[in-house]
Amino acid sequence: MRERAGLVAEVARRVAEQQRAARRLAGLQIADGPDEAIAEALAEVRQATLRVEEAEEHLAAHDVAANGTGGRT
């Protein structure tokens, strides 16, 4: 159960990171920031999204291993 709690916390951390990156990107777009900065911020959002997906996959794999159904343990 602790391992699952840690995986859930990791998903939450990565989602928060993704949200921060998205807010930065939105701020640059609203302010009509430099194209290079917007491109970098967009890449940050994409990377953060991949990290969220990776964390979610680890959590799902843990759940499947724990009970064979992918449901909660």
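First, a word on what this report is: a plain description of the structure on this page. Computed from a predicted structure; not experimentally measured.

Observations regarding the environment of Glu-54
Stage number 1. Inspection of the secondary structure assignment puts Glu-54 in helix H2 (residues 35-67).
Stage number 2. Since its relative accessible area comes to 38%, Glu-54 is described here as partly exposed.
Stage number 3. Residues Glu-54 and Val-11, spaced 43 residues apart in sequence, show a C-alpha to C-alpha distance of 8.7 Å.
Stage number 4. At 3.0 Å, the side chain of Glu-54 and the side chain of Arg-14 are in polar contact.

Here's the deal with unusual backbone geometry
Stage number 1. Residues other than glycine seldom take positive phi values, yet Asp-32 does so here, at roughly 55 degrees.
Stage number 2. Within the secondary structure, Asp-32 is located in the loop between helix H1 (2-30) and H2.
Stage number 3. Look at Asp-32 and you get exposed, because its relative accessible area is 65%.

Focus: H2
Stage number 1. The terminal C-alpha atoms of H2 lie 48 Å apart, and with 33 residues this matches the ideal 48 Å at 1.5 Å per residue to within 8%.
Stage number 2. Phi turns positive, to about 75 degrees, at Gly-68, one or two residues after H2.

Comments concerning the pattern of salt bridges
Stage number 1. Across all of its chains, the model carries 6 salt bridges by this definition.
Stage number 2. Among the ionic pairs, Asp-63 bridges to Arg-4, the shortest N-O distance being 2.8 Å. Of this pair, Asp-63 sits in helix H2 while Arg-4 sits in helix H1, and the two are 59 residues apart along the sequence.
Stage number 3. When its relative accessible area of 12% is taken as the criterion, Arg-4 is described as buried.
Stage number 4. A salt bridge links Arg-51 to Glu-17; its shortest N-O distance comes to 2.6 Å. In this pair, Arg-51 is assigned in helix H2 and Glu-17 in helix H1, connecting sequence segments 34 residues apart.
Stage number 5. With a relative accessible area of 27%, Glu-17 lands in the partly exposed category.

Scoring rules and cut-offs
- Sequence order sets the numbering: in each chain, residues are counted from 1 along the sequence as written.
- For a predicted model such as this one, the threshold for reporting local features is a pLDDT of at least 70, and the threshold for listing and counting side-chain atom pairs is 80 or more; totals across whole chains, interfaces and linings nevertheless cover every residue.
- Only heavy atoms go into the side-chain values, all of them from the structure, while hydrogens and water stay out.
- A run of DSSP states H or I qualifies as a helix once it reaches four residues; a run of E qualifies as a strand once it reaches two. Both are numbered from the N-terminal end.
- With a 1.4 Å probe rolled over the protein chains alone, any residue whose accessible area is under 20% of its type maximum counts as buried; one over 50% counts as exposed, and the rest are partly exposed.
- For the purposes of these results, a polar contact is taken to be a pair of N or O atoms within 3.5 Å, where, inside protein, one atom must be able to donate a hydrogen and its partner to accept one; residues adjacent in sequence count only when each atom of the pair is a side-chain atom.
- What a helix is expected to span follows from its residue count: subtract one and scale by 1.5 Å.
- The term salt bridge refers to a side-chain nitrogen of Lys or Arg lying within 4 Å of a carboxyl oxygen of Asp or Glu.

Purely geometric stuff here, so don't read any function into it on its own.
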